[in-house]
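# Remarks on the overall topology
As a plain string of letters, each chain reads:
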Amino acid sequence: MPGPSPGLRRALLGLWAALGLGFYGLSAVAQEPFWADLQPRVALVERGGSLWLNCSTNCPRPERGGLETSLRRNGTQRGLRWLARQLVDIREPETQPVCFFRCARRTLQARGLIRTFQRPDRVELVPLPTWQPVGENFTLSCRVPGAGPRGSLTLTLLRGAQELIRRSFAGEPPRARGAVLTATVLARREDHGANFSCRAELDLRPHGLGLFENSSVPRELRTFALSPDLPRITAPRLLEVGSEKLVNCALGGLFPVSEAGVYLALGDERLNPDITLEGDALMATATATASAEQEGARQLVCIVTLGGETRETWENVTVYSFPAPLLTLSETSVPEGKMVTITCTAGARALVTLDGVPAAVPGRPAQIQLNATENDDRRGFFCDATLKVDGESLKKNESAELRVLYAPRLDDSDCPRSWTWPEGPEQMLRCNARGNPAPSVHCARPDGGAVLALGLLGPITRALSGTYRCTAANIQGEAVKDVTLTVESPPQMNESTCPSHQTWLEGEAAKLACVAGGRPSPQVRCSREGTPLPPRLHVSRQDAGTYRCLAINPHGTDARMVTVGVEYRPVVAELAASPPGGVRPGGNFTLTCRAEAWPPAQISWRAPPGALNIGLSSNNSTLSVAGALGSHGGEYECAATNAHGRHSRRITVRVAGPWLWVAVGGAAGGAALLAAGAGLAFYVQSTACKKGEYNVQEAESSGEAVCLNGTGGGSGGGAGPEGGTEPADIAEAPAEGEVFAIQLTSA
C-alpha cells in the first residue's frame, strides 16, 4: 500500500507541532493569546496540480474549525486542533484559502496564498510569407498562450542561432498569463533559406523551482529579388521551314537565380530550353524548328517567373520556305574534247545565277555548254538562288564538279629533272604526274637496276645517285621523263686518305698527304697549334710534330690528327781523341765519333795499315787502343751511313817517345831499329786491309778490327827530332768533301 503523499506528510508534521505547542502553552503560559496557522502560507503549484494544506491552532479546545477555499478538495484529515486537506486540479492563477477556528468566543484566522504556474508548452511562430522581396520589411510574431506567470517569462526571436530580439516580461501582474512578442525585420539576400524561431523561458528558480524552456518549430524564410528590366531575346528574324535555329532569353539581377522559372514559346509551340546560370543572371537556350503550318509571322515569347512575380517580353519571327537550287551536268565525267551541258534551276519565286550569269527572270533556269579540255578537269560550277523575304534577300547555292579524262603529264614543278639530297636523313622522293584517272608513276635505272621508292620515307644513301627513267601511265596514255638524283655527303677522312703517321725528308719540299671524300668536294686545311700550314714548305727538323687536318663542306666537317716525323741525312758532328795532346808509345788513347742522323746512322772506321789490337764499342761509336805502337799512328776515318746518305770525317794521331830512350839505344839500337823498321814495313804491306766482310766478335781483338765497315790505308807517322819527344799532333783534313784521317807518328 503506498504511503502518504509529501503534502500530507507536511500537514501531519504541522499538526503534531501545533499539538506540542498547545500542551506546552497549557502547562507553561496559560495566559498566552490564541492563534490559527495555515501551512504552507504561500505556495506555487503547476496549473492542474494538487496541494496539501494544514490548518492548525493553539487553542486548547476549539469549538469548531475549517478551511475555506474555492478549490476542489480530494480528502480531509482532522485532529482536535488541526485540519489537513488536499486541494486538487488547481487552475486559478491566484487563490487565498482561509484557515479558521472558534476559540473562547473568538474567531481565529490564518490566510494563505496559492498561485499557479504553467510551462511554455506551446510556443508558436506566426507563419512567414511564401516569398519575401529583398529590401522590404516582414513581421515576426511569437505567441506563448497560457504560460505564466507572465512576469517570469522571457521571449527571444532568433535567426538560426542568432538572437534578433529578446524581451523579459518582469513586472507584469502575478495573475497575467501568456505572452506575445512581435518584431519587424528587413529582408536580406542572406536571409534566403534561413530558419527563424522563437524561444520561451519561464524562470521559477527564485521560487525554488527550475527554468522551463521551449522553442517553436523553425520556419524557413525565402527571399527573392527580381530585376525590373525585361528579359532580352536573341533570335533570328527569319526562320526557314524545316530548319533548326538556336534562340535564347536572358535576364540578370535575379536572386536566387536557381529558383527562377522560364517559359519560352514560338507561337503556340512551347520550347524546351536549357537553363544556364552565371552569377545572378539566367540564360535559357532552346532549338526552334519551324514547320510548314507555322509559315508567316509568329511571336517568340519569354516569361521569367520568380517569387510569384513575372517579367515578360516577345519578338516577331517570320517563318518562310526556300528550297535549295538544283545544279545538273549532262555528264559528270567525260573524255577530253566532248561537249557538256550544265543547268541551274530553283523555286518559282527565286532568281538563279550560274557561274555569275543570271537567268532572264525569276523562276527560269540558267544554262552553260562547253567543250571539255584538260583545264576543265575538277572545274567547279556554282548555282546561286536569291529569294526576297520580309525585305531581306536570302541566298542559297549549289556546286558540282566536272571530271575530264586525259593522258598523263610530267611537269617539272611536280617531277623535277634534277634532285639533290643530303646523305643520311630520311627523305620522301616525289615524282607526281597529272592526269585523269590518276596516273601511276614508276622510276628505275635505264639499265634495269635500282628502283626509286616514290612517296615513301627512307634513308638517302650514296648508292642512290644516278639517272632514273620515270614513266607515268593511265588508261588515256603515258609520259616518260629522265631525272638525275645527286646524293651529297659530309666530309670523311680515314687512314687510307689521310694517314695518321707521315714522314718527311729534311731539305725537301713536302705537304701533308690528306684528302677527304664527300659531295660537294670538301676543302682540307691543316694547322699546327692554330697556325695554318702552307700548301708546300721546305722541310726542316722543326717541322716534326702533330697537325690537325679539318675537312669542310656544306654538310659538315671531319678532322684527323696527323703525326709528322722528319728524317735527315747523317752528319758526323764530332770526332775527338782522348787524350787530346797525343800518345806516347805504350800509352792508351780513345777516338770518339758522334753522328746526327734519322733514322740513326751506322758507324764504321778506317784505321792506318798495320794498326793492331784496336777495340770498338758495341755501337762502333768509340775506337780504343791499349799500348799504342808506332803502327797506330796515322789517319783514322769515321763514317756515318743511313738510308738517306753517308758522311765521314778524318783525324790524324801522332805517337811520340822520349829523347832519353833514343840516346840509350845508341848505335846498337839503331841497327835493331832499322831492322825492325824494315820488318814493320814488310808487315804493314803484307797485312794491308782488304775489301771484304769481317766478324765483329772475332776481329775486335785482332788487327782486322781496324778494317770493319771500311778500308785500310794511309801512311805511317813521320819521326820527330831525335833525342826528344813531341806531343802527338791530331789533325783533321777533309776527304771526299768531309772525310778525316788519323796519322800516328813516333820519334
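So, a few notes on the structure that sits alongside this text. A quick note: this is a predicted structure, and the numbers were derived from the prediction, not measured.

The rules behind the values
- Residues numbered from 1 in each chain as written.
- Predicted model: local features only at pLDDT ≥ 70, side-chain atom pairs only at ≥ 80, totals over all residues.
- Heavy atoms only, no water.
- Helix = DSSP H or I, 4+ residues; strand = E, 2+ residues; numbered from the N terminus.
- Buried < 20%, exposed > 50% of the residue type's maximum accessible area, 1.4 Å probe, protein only.
- Contact = heavy atoms within 4.5 Å.
- Areas by Shrake-Rupley, 256 points an atom, 1.4 Å probe, with all protein chains shown as cover.
- Pairing = 2+ DSSP bridges.
- Disulfide = S-S within 2.5 Å.
- 1 Å grid on protein atoms, 1.4 Å probe; cavity = no way out; pocket = protein on both sides within 12 Å on 5 of 7 lines; lining within 4 Å.
- Points joined across faces, edges and corners; volume = space filled by probe spheres on them.
- Axes fitted to C-alpha atoms, helices over the stretch in contact; angles between N-to-C directions.
- Salt bridge = Lys/Arg side-chain N within 4 Å of Asp/Glu carboxyl O.

## With respect to the overall build of the protein chain
- When its secondary structure is counted, the protein chain shows three helices and 58 strands.
- A total of 747 residues make up the protein chain; the buried ones form 39% of that total.
- Counting only contacts in the protein chain whose residues sit at least 6 apart along the sequence, the fraction spanning at least 24 positions is 66%.
- For the protein chain, the computed accessible surface area is about 39700 Å², with 51% contributed by carbon and sulfur atoms.

## A few points about the pairing of strand 32 (residues 339-345)
- Bridge count between strand 30 (residues 326-329) and strand 32: four bridges; the pairing is antiparallel. Residue T328 lies in a different strand from strand 32, and its bridge partner there is T343.
- Where strand 32 meets strand 35 (residues 366-371), six bridges bridge the pair, whose relative direction is antiparallel. Within strand 35, the residue paired with M339 across the bridge is N371.

## Quick notes on the state of the cysteines
- A full pass over the atoms with the stated rule returns 10 disulfides.
- A disulfide bridge connects C443 with C470, and the sulfur atoms are separated by 1.9 Å. Residues C443 and C470 share a disulfide whose torsion about the S-S bond is about 115°; that sign makes it right-handed. Within this pair, whereas C443 is found in strand 41 (residues 440-444), its partner C470 is found in strand 43 (residues 466-474), the two being separated by 27 residues in sequence.
- Looking at C470, the relative accessible area reads 0%, which means it is buried.
- In this model, C498 is linked to C514 through a disulfide, with the two sulfur atoms separated by 1.8 Å. For the disulfide bridge between C498 and C514, the dihedral angle about the S-S bond is near 50°, and by the sign convention the bridge is right-handed. A residue pair is termed long-range when its members are at least 10 positions apart, and C498 in the loop between strand 44 (477-492) and strand 45 (501-505) and C514 in the loop between strand 46 (509-510) and strand 47 (517-519) qualify at 16 residues.
- The class of C498 is buried, set by a relative accessible area of 0%.

## Structural notes on the environment of G261
- Assignment of secondary structure puts G261 in strand 24 (residues 261-266).
- G261 sits 45 residues away from L306 along the chain, and the two C-alpha atoms are 6.5 Å apart.
- Leaving out residues up to four positions away in the same chain, G261 has contacts with I303, V304 and T305.

## Examining empty space enclosed by the protein
- For the structure shown, the criterion picks out one cavity of 30 Å³ or more.
- Each pocket or cavity is described by its volume, and for the largest cavity that value is around 40 Å³.
- For the largest cavity, the full set of lining residues is P236, L239, K245, V247, L266, A288, L300 and V317.

## Things to note about the sheet that holds strand 9 (residues 106-111)
- Ordered in space as 4-8-9, the three strands form an open sheet in which the pairing is antiparallel. At either end of the open sheet lies a strand with only one pairing partner, and these are strand 4 (64-68) and strand 9. The mean angle between the axes of side-by-side strands here comes to 15°, regardless of whether they run parallel or antiparallel.
- Two strands pair when backbone bridges link them, and strand 8 (residues 98-103) and strand 9 are joined in this way by six bridges, in the antiparallel orientation. By the bridge assignment for strand 9, F100 is matched with Q109.

## Details of the pattern of salt bridges
- Per the counting criterion, the structure on display carries 42 salt bridges.
- E201 serves as the salt-bridge partner of R166, at 3.2 Å between the closest nitrogen and oxygen. Separated by 35 residues along the polypeptide, R166 in strand 15 (residues 162-168) and E201 in strand 17 (residues 195-203) bring together distant segments of the chain.
- Several salt bridges share partner residues, and in doing so they unite E336, E374, R409, D411 and R434 into one network.

That's the geometry; what it means functionally is another story.
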